[in-house]
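Architecture at a glance
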Amino acid sequence: MKQLYYSFPQYLKDTFGRKLYKVALETGMTCPNRDGKVAVGGCIFCGEGGSGDFTIYYEGKRLSREELIYNHQEIPKGNYIAYFQSFTNTYAPIAKLREIFTAALQDDLFSGISIATRPDCLGEDVISLLKELKANYPNKFIWVELGLQTIHESTAKWMNRGYSLEVFDEAVKNLKTINIDVIVHIIIGLLGEDRKMLLETIQHLNACSIDGVKLQLLHYLKNTRLGVQYLSNPSQYHVLEMDEYVELVTECIAYLDEHIVIHRLTGDGNADELIAPRWSTDKWRVLNSINHMLKIKNYTQGCKLLK
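Now for a quick tour of the structure. (Residues numbered from 1 in each chain as written. Predicted model: local features only at pLDDT ≥ 70, side-chain atom pairs only at ≥ 80, totals over all residues. Heavy atoms only, no water.)

Once that is clear, we can look at the sheet that holds strand β4 (residues 80–84). The 8 strands are arranged β3-β2-β4-β5-β6-β7-β8-β10 in an open sheet whose pairing can be described as parallel. Of all the strands in the sheet, just β3 (56–57) and β10 (261–264) have a single pairing partner and so form its edges. Here strand β8 (residues 212–217) pairs with β10 via 3 bridges, running parallel. Bridged to V213 within β10 is I262. In the packing of helix α3 (residues 94–106) onto the sheet, the strands contacted are β4, β5 (110–117) and β6 (141–149), and the crossing angle to β5 comes to about 150 degrees. Across the sheet, helix α9 (residues 242–255) is in contact with β7 (181–188), β8 and β10; its angle to β8 comes to roughly 165 degrees. (Pairing = 2+ DSSP bridges. Helix = DSSP H or I, 4+ residues; strand = E, 2+ residues; numbered from the N terminus. Contact = heavy atoms within 4.5 Å. Axes fitted to C-alpha atoms, helices over the stretch in contact; angles between N-to-C directions.)

Turning to the nonpolar core, a few remarks are in order. Grouped together as the largest cluster of nonpolar side chains are 70 residues, with contacts concentrated most on F84, L130 and F168. Excluding residues that lie within four positions of it along the chain, F84 makes contacts with L25, T27, Y58, N89, I100, F101, A104, I113, S114, I115 and A116. In terms of nonpolar packing, the next biggest core, distinct from the first, is built from 15 residues, C43, M159, V239 and I275 among them. (Core = buried A, V, L, I, M, F, W, Y, C linked by side-chain atoms within 4.5 Å. Buried < 20%, exposed > 50% of the residue type's maximum accessible area, 1.4 Å probe, protein only.)

Within this structure, the stated rule accounts for 10 aromatic pairs. Considering the side-chain rings of F8 and Y11, the 6.4 Å spacing of their centres and the 20 degrees angle between planes classify their relative orientation as stacked. Here Y11 and F8 lie together in helix α1 (residues 8–16), a separation of 3 residues that amounts to about one turn. Residue Y11 is classed as buried on the basis of its relative accessible area of 15%. Counting every residue linked through ring pairs, the aromatic cluster contains F8, Y11, F16, F141 and W143. (Phe/Tyr/Trp six-rings, centres within 6.5 Å; stacked < 30°, edge-to-face > 60°.)

Between helix α6 (residues 165–177) and helix α7 (residues 195–208), the shortest axis-to-axis distance is 11 Å and the interhelical angle comes to 30 degrees. Seen along the crossing, α6 lies across α7 with a hand that is right-handed. Here α6 contributes L165, F168, D169 and V172 to the contact with α7, which in turn contributes H204, L205 and C208. For the contact of α6 with α7, the class distribution of residues is 5 nonpolar, 1 polar and 1 charged. (Left-handed = near helix turned anticlockwise from the far one by under 90°. Nonpolar A, V, L, I, M, F, W, Y, C, P; charged D, E, K, R; others polar.)

Further remarks concern the state of the cysteines. Disulfides are covalent bonds that link the sulfur atoms of two cysteine residues. Under the defined criterion, the tally for this structure stands at 0 disulfides. C121 takes part in no disulfide bond, and the closest cysteine sulfur, belonging to C31, lies 6.7 Å away. (Disulfide = S-S within 2.5 Å.)

Tracing the chain through its elements places Q216 in strand β8. One polar contact links Q216 to R264, side chain to side chain, over a distance of 3.0 Å. Here Q216 is in contact with I186, I187, I188, Y245, R264 and G267, once residues within four sequence places are set aside. (Polar contact = N/O pair within 3.5 Å; in protein donor to acceptor, adjacent residues only side chain to side chain.)

A separate point is the side chain of E145. Looking at where E145 falls in the secondary structure, it is placed in strand β6. A polar atom in the side chain of E145 sits 3.1 Å from the side chain of K22. What E145 contacts, discounting residues up to four positions off in sequence, is K22, Y83, S114, I115, A116, T117, I183, H185 and K214.

Our focus in this paragraph is the pattern of salt bridges. Here the structure, examined in full by the defined rule, presents 10 salt bridges. For K77, the salt bridge goes to D108, with nearest N and O atoms at 3.7 Å. Residue K77 is located in the loop between α2 (65–68) and β4, and its partner D108 is located in the loop between α3 and β5; the two are separated by 31 residues in the primary sequence. K77 sits in the exposed class, given a relative accessible area of 53%. Residue classification places D108 among the partly exposed positions, given a relative accessible area of 38%. (Salt bridge = Lys/Arg side-chain N within 4 Å of Asp/Glu carboxyl O.)

And the structure:
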């Protein structure tokens, strides 16, 4: 039986033989859900930074080691992941995408790249480019991260997601066809969603045979439409308490297929922008509570806990 990984760092060590560090990059791209091609304003919870806090601007040129050193420690070459995080990182002409992704794959500082994007920005030309890059750089990995958040159309409409579940399913199918690992973001605590709806999303991801998942608590942030609406009438919103979140996230773990790598169990964004829930800023307390709940529910047999 395959190992279920609660710890993304442990998965990296077992797969690549060493720890890898993500470098969050932004390339100046925007999003079709902001510029009017699909909609304007973006998703209801998305801020002006496009979910890209603490990013380094990347133009396809080699980054200095000083820009990449974490915690003032020297890290060997090849121990970084180039994480194209902000906004929609396949929403540009193919020539620009080829230039930027090729530069990162050629850089010996990076072991591979992870590309955050939207399923409706993965047309035939982008899929063809990714296939080409995978063939040209067989010693580097390429991952694609998709922000699904939920399978439920009513919630997707509320959040102004701008694409249907069928579009997501087709994108996953096309990426899997060219052997690109797919990591999917979902949000726990979405307005109007209960445990049953959340687990239906998890079961759909199992059926899609995705490779990784990021489980994210719904954050109410300053300078987002959701944050503004919440502040105007907080009583209309149920913000999860920590024990509720821990209960739900452990249920998600229990339902996930064993081959799916869990890349994230809680968010730790910019605390200065966070309105609620404030308890989420204490990341290690949350992670310890999740580990404790997993033990209580006996979900840990044959599994590696968070570290």
